[in-house]
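# Breakdown of the fold
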Amino acid sequence: MHHTVYYTAWTPAGTGDLVRTLSLRGLPIILLILAALIATRAIQWATARITGRIDQGFKNSDELVRSESEKHRHSVAQVISWVAIVIVYLVVAFNIIRLLNVPITGFVAPATVLGAALGFGAQRIVQDLLSGFFIITEKQYGFGDVVELAVAGGIPPAEGTVEDVTLRVTKIRSSDGEVITVPNGQIVKAINLSKDWARSVVDIPLPAGADISRVNEILSRIGEQTFADPRMRPLLLDAPTPMGVTDMEIDEVTVRIVARTLPGKQFEVSRDLRSRIVRAFGRAGISLAPGETIQTGAMGAPAQSESSS
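Below is a summary of the structure that appears in this document. Please read all numbers here as calculations on a predicted model, not as lab measurements.

### Observations concerning the overall build of the protein
The helix and strand tally for the protein stands at 6 helices and 10 strands. Scored against the burial criterion, the 309 residues of the protein give a buried share of 37%. Within the protein, contacts between residues separated by at least 24 positions form 70% of all contacts whose residues are at least 6 apart in sequence. Of the accessible surface of the protein, which amounts to about 18,400 Å², a share of 61% is contributed by carbon and sulfur atoms.

Right, here's the structure in full:
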């Protein structure tokens, strides 16, 4: 007489229900995850096409700088992409929880504790998001702008060209090629150096006995020659204008020449003006004040703005 003995392995309580649920709903969960990945790639592809079309329009145009509307559209496209991806993952996570038959009421207590923790620990994130929202909606700056951002905490200002603006951070590339990431909530002052137009300011220190009338005549001639130069004319909105004496000390005076330029082109115009001034003063026998050099101050249009934080 033969006896059949069956051995069963012990499993934790509830494991069977979990295995059964995964076996029945595993395929829908996998499909949801794949759909989320595909949707993310589609959003990124669409954003790249939109921003690429904006950039292509800039490259194919005769303008040397982006218009304010192009900067704003580029920034808005990046923000919408970021928000859309977050929504996709939230929807997928909610549907996976529903497929696993996890009662939503069970999340009420943990959500309350988590909300309280976020209220204390994530204030900075909320501040960053709100500040980013106001930066975008108020068009304080956008992709391609040259900015100077004063950061809270006594940190030196971040200067460079804006490469990316999201609701949480602003990424700018400095003149040294470094990418600086600044949380939007930490920006206490934003100076836009390429808003609508910019200003090139060149200060010239001269000895106290210099003939100011002659200096102004030379500077006026330099301004006319610069504005007539086919290479510089597209960068200028009007002819560089001498402003006369702007500062006076015991042994020296400072004379200034100012030019309105296209956004972001003030630095190139300043370099050209300095070169022309040095050559013209050398031919005229006018020397600078002892131990002084020609100073350049490049500033943007009056577009300084306090970041909403």
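### What about a nonpolar patch on the surface?
Taken together, the side chains of Leu27, Ile30, Leu31, Ile33, Leu34, Leu37, Ile38 and Tyr89 make up a nonpolar region of the molecular surface, amounting to roughly 780 Å² of accessible area. Ranked by residue count, the leading element in the nonpolar patch is helix 1 (residues 15-60), at 7 residues. Here Leu27 shows up in helix 1.

### Focus: helix 6 (residues 266-284)
Over its 19 residues, helix 6 extends 26 Å from the first C-alpha to the last, a length consistent with the 27 Å expected when each residue adds 1.5 Å. Inspection of helix 6 places Gln266, Val269, Ser270, Asp272, Leu273, Arg276, Ile277, Ala280, Phe281 and Ala284 among the buried residues, and these make up the whole buried set. Looking down the long axis of helix 6, one finds its buried residues gathered within 165 degrees of arc, a one-sided arrangement. Pointing more than 90 degrees away from the buried face of helix 6 are the exposed residues Val278 and Gly282.

### What to know about unusual backbone geometry
Located in the positive-phi region is Lys139, a residue other than glycine, with phi close to 55 degrees. Note on placement: Lys139 falls in the loop between helix 4 (123-137) and strand 1 (146-151).

### Some details on the packing of aromatic side chains
This structure, assessed with the given rule, holds 1 aromatic pair. Plain terms: the ring middles of Phe133 and Phe134 are 5.4 Å apart, the flat faces sit at 75 degrees to each other, and that makes the pair edge-to-face. Overall, Phe133 belongs to the partly exposed group, its relative accessible area being 43%. A residue is classified by how much of its surface remains accessible, and Phe134, at 32% relative accessible area, is partly exposed. Here the guanidinium or amino end of Arg233 rests over the ring plane of Phe227, the centre of that ring lying 3.9 Å away.

### Description of a positive patch on the surface
Taken together, the side chains of Arg214, Arg221, Arg279 and Arg283 make up a positively charged region of the molecular surface. Every element with two or more residues in the positive patch is listed here: helix 5 (212-228) and helix 6.

### Some thoughts on the nonpolar core
Counting residues in each nonpolar core, the largest one holds 23 residues, and the members touching the most others are Leu206, Leu219, Ile277 and Phe281. Sort the elements by how many residues they give to this core and helix 6 lands first, with 6 residues. Ignoring any residue separated from it by four or fewer positions in sequence, one finds Phe281 in contact with Ile204, Leu206, Val215, Ile218, Leu219, Ile286 and Leu288.

### Regarding the environment of Gly177
Structurally, the position occupied by Gly177 is in the loop between strand 3 (169-173) and strand 4 (179-183). Gly177 sits 16 residues away from Thr161 along the chain, and the two C-alpha atoms are 9.9 Å apart.

### Thoughts on the side chain of Thr170
By the element assignment, Thr170 lies in strand 3. In this structure Thr170 comes out as buried when scored by relative accessible area, which is 0%. Here the side chain of Thr170 touches Asn184 through a polar contact of 2.7 Å, side chain to side chain. Once residues lying within four places of it in the same chain are set aside, the contact partners of Thr170 are Tyr141, Leu149, Val162, Asp164, Val165, Ile180, Thr181, Val182, Asn184 and Ile187.

### Remarks on the pattern of salt bridges
In a structure, side chains of opposite charge can pair up when their charged atoms sit close to one another. Across all of its chains, the model carries 6 salt bridges by this definition. For the salt bridge of Arg231 with Asp272, the shortest nitrogen-to-oxygen distance reads 2.8 Å. Taken together, the residues span a long stretch of sequence, with Arg231 in the loop between helix 5 and strand 7 (241-248) and Asp272 in helix 6 at a distance of 41 residues. Where Arg276 meets Asp272, a salt bridge forms, and the shortest distance between an N and an O atom there is 2.5 Å. Of this pair, Arg276 and Asp272 both sit in helix 6, 4 residues apart, which is roughly one turn of that helix. Within the structure, one salt-bridge network assembled from shared partners comprises Asp229, Arg231, Asp272 and Arg276.

About the thresholds
Residues numbered from 1 in each chain as written. Predicted model: local features only at pLDDT ≥ 70, side-chain atom pairs only at ≥ 80, totals over all residues. Heavy atoms only, no water. Helix = DSSP H or I, 4+ residues; strand = E, 2+ residues; numbered from the N terminus. Buried < 20%, exposed > 50% of the residue type's maximum accessible area, 1.4 Å probe, protein only. Contact = heavy atoms within 4.5 Å. Areas by Shrake-Rupley, 256 points an atom, 1.4 Å probe, with all protein chains shown as cover. Patch = residues over 30% accessible without salt bridge, like charges linked within 9 Å, V, L, I, M, F, W, Y side chains within 5 Å. Salt bridge = Lys/Arg side-chain N within 4 Å of Asp/Glu carboxyl O. Expected span 1.5 Å × (residues − 1). Arc of directions from axis to C-beta. Phe/Tyr/Trp six-rings, centres within 6.5 Å; stacked < 30°, edge-to-face > 60°. Lys NZ or Arg CZ within 6 Å of the ring centre and 35° of its normal. Lys, Arg positive; Asp, Glu negative; His and termini not counted. Charge placed at Lys NZ, Arg CZ, Asp CG, Glu CD. Core = buried A, V, L, I, M, F, W, Y, C linked by side-chain atoms within 4.5 Å. Polar contact = N/O pair within 3.5 Å; in protein donor to acceptor, adjacent residues only side chain to side chain.

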